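Architecture at a glance
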Amino acid sequence: MPYDPPPELASLGLAEIAEQVAQRKLPPVEEWDPANEGDSAMRIAADGTWYHDGGKIRRQAMVRAFAGLLTRDEAGIYWLVTPVQKLSIAVEDAAFIATDCRLVDDGIALRLNTDELVIVGPDHALRAEGNREAPAIYCHVRRGCEARLNRSTYEQLAQIALARGDDWTVTSRGETYSLLPA
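The structure contained in this document is the topic of the report that follows.

What counts, and at which threshold
- Residues numbered from 1 in each chain as written.
- Predicted model: local features only at pLDDT ≥ 70, side-chain atom pairs only at ≥ 80, totals over all residues.
- Heavy atoms only, no water.
- Phe/Tyr/Trp six-rings, centres within 6.5 Å; stacked < 30°, edge-to-face > 60°.
- Helix = DSSP H or I, 4+ residues; strand = E, 2+ residues; numbered from the N terminus.
- Buried < 20%, exposed > 50% of the residue type's maximum accessible area, 1.4 Å probe, protein only.
- Lys NZ or Arg CZ within 6 Å of the ring centre and 35° of its normal.
- Salt bridge = Lys/Arg side-chain N within 4 Å of Asp/Glu carboxyl O.
- Pairing = 2+ DSSP bridges.
- Axes fitted to C-alpha atoms, helices over the stretch in contact; angles between N-to-C directions.
- Contact = heavy atoms within 4.5 Å.

**So, the packing of aromatic side chains**
- Here the structure, examined in full by the defined rule, presents one aromatic pair.
- Relative to Phe66, the ring of Trp50 lies with its centre 6.2 Å away and its plane at 15°, an arrangement referred to as stacked. Separated by 16 residues along the polypeptide, Trp50 in strand E2 (residues 50–52) and Phe66 in helix H2 (residues 60–67) bring together distant segments of the chain.
- Owing to a relative accessible area of 2%, Trp50 belongs among the buried residues under this scheme.
- One Lys or Arg, Arg43, reaches over the ring of Tyr51 and ends 4.2 Å from the middle of that ring.
- Positioned above the aromatic ring of Trp79, the side-chain terminus of Lys86 is 4.6 Å from the ring centre.

**Considerations on the pattern of salt bridges**
- By the definition in use, this model includes seven salt bridges.
- With a shortest N-O distance of 2.5 Å, Glu92 and Arg43 are connected by a salt bridge. Taken as a pair, Glu92 in the loop between strand E6 (85–91) and strand E7 (96–104) and Arg43 in strand E1 (residues 36–44) lie far apart in primary sequence, 49 residues in all.
- When its relative accessible area of 30% is taken as the criterion, Arg43 is described as partly exposed.
- Of the charged contacts in the structure, one is a salt bridge between Arg127 and Glu129, with a shortest N-O distance of 2.7 Å.
- Judged by relative accessible area, Arg127 falls into the partly exposed class, the value being 32%.
- Of the residues examined, Glu129 reaches a relative accessible area of 37% and is grouped as partly exposed.

**Topic: the sheet that holds strand E9 (residues 117–119)**
- Reading across from one edge, E9-E8-E7-E12-E11-E10 is the order of the six strands in this open sheet, with mixed pairing throughout. With one partner strand each, in any of the chains shown, E9 and strand E10 (126–130) form the two edges of the open sheet. Averaged over all pairs of adjacent strands, the angle between strand axes in this sheet comes to 40°, irrespective of strand direction.
- Sheet topology places strand E11 (residues 135–142) next to strand E12 (residues 145–149); four bridges connect them, and they run antiparallel. Bridging across to E12, His140 finds its partner in Glu146.
- Together, E7, strand E8 (107–112), E10, E11 and E12 form the strand contacts of helix H3 (residues 151–164), whose direction differs from that of E7 by roughly 25°.

**Notes on the sheet that holds E1**
- The mixed open sheet is built from six strands, whose spatial order is E3-E2-E1-E6-E5-E4. Strand pairing shows two members of the sheet lacking a second neighbour, strand E3 (55–56) and strand E4 (70–72), which therefore form its edges.
- Alignment of E2 against E3, held across two bridges, turns out to be antiparallel. Across the sheet, residue His52 finds its bridge partner in E3, namely Gly55.

**Focus on the pairing of strand E5 (residues 78–81)**
- Residues Tyr78 and Leu80 of E5 are buried on one face, and the alternating residues Trp79 and Val81, pointing to the opposite face, are buried as well.
- Sheet topology note: the E4/E5 ladder contains three bridges and is antiparallel. Counted as the bridge partner of Leu70 is Leu80 from E5.
- Between E4 and the antiparallel strand that follows it, E5, lie five residues; Gly76 among them carries a positive phi value of about 90°.
- Linking two consecutive strands that pair antiparallel, namely E5 and E6, is a turn of three residues.

**What to know about unusual backbone geometry**
- In this structure, Asp53 takes a positive phi of about 50° despite not being glycine.
- Turning to its location among the elements, Asp53 is positioned in the loop between E2 and E3.
- We classify Asp53 as exposed; its relative accessible area is 59%.
- At Arg143, a position not held by glycine, the phi torsion is positive, near 50°.
- By secondary structure assignment, the location of Arg143 is in the loop between E11 and E12.
- Under the relative-accessibility criterion, Arg143 is labelled buried at 13%.

All we've got here are geometric facts, nothing functional implied.
Here it is as structure tokens:
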């Protein structure tokens, strides 16, 4: 089956983005409790690149498939979960990278490196880490996994904040987030 990525954020309204998000059918990982545990020999590098046994996974369709199975437990361990097995996966920073950002109506939409779309808000909160000279902005995606905004996406978000005033905050879906670490 061919893969059709969602259209560019610039061409979508918030309702269309929400529809794209709703159309994404993810496996019901939360319902699975496999007894077979192991290690996947996989890792996600800080730049969002996926590796298996030290080799880069080049097929984006495989990355998207694995990303749909990804979860993070309360202890901070990342897992790829199927109905029959649960395999640990090393994550250097965040499981996803936000690669594009756009303010649309009352929401901020992010595109992830897996072509998924997320609307910042109560279920997808932003948090600022690092320090004022080198902030790192993260967005909760799902199942304990986050996306780190890459440099250009952080710049887009900073422009949204500065257009509102000089307090370095953004508002999306009624929630306000600081872009400065505490």
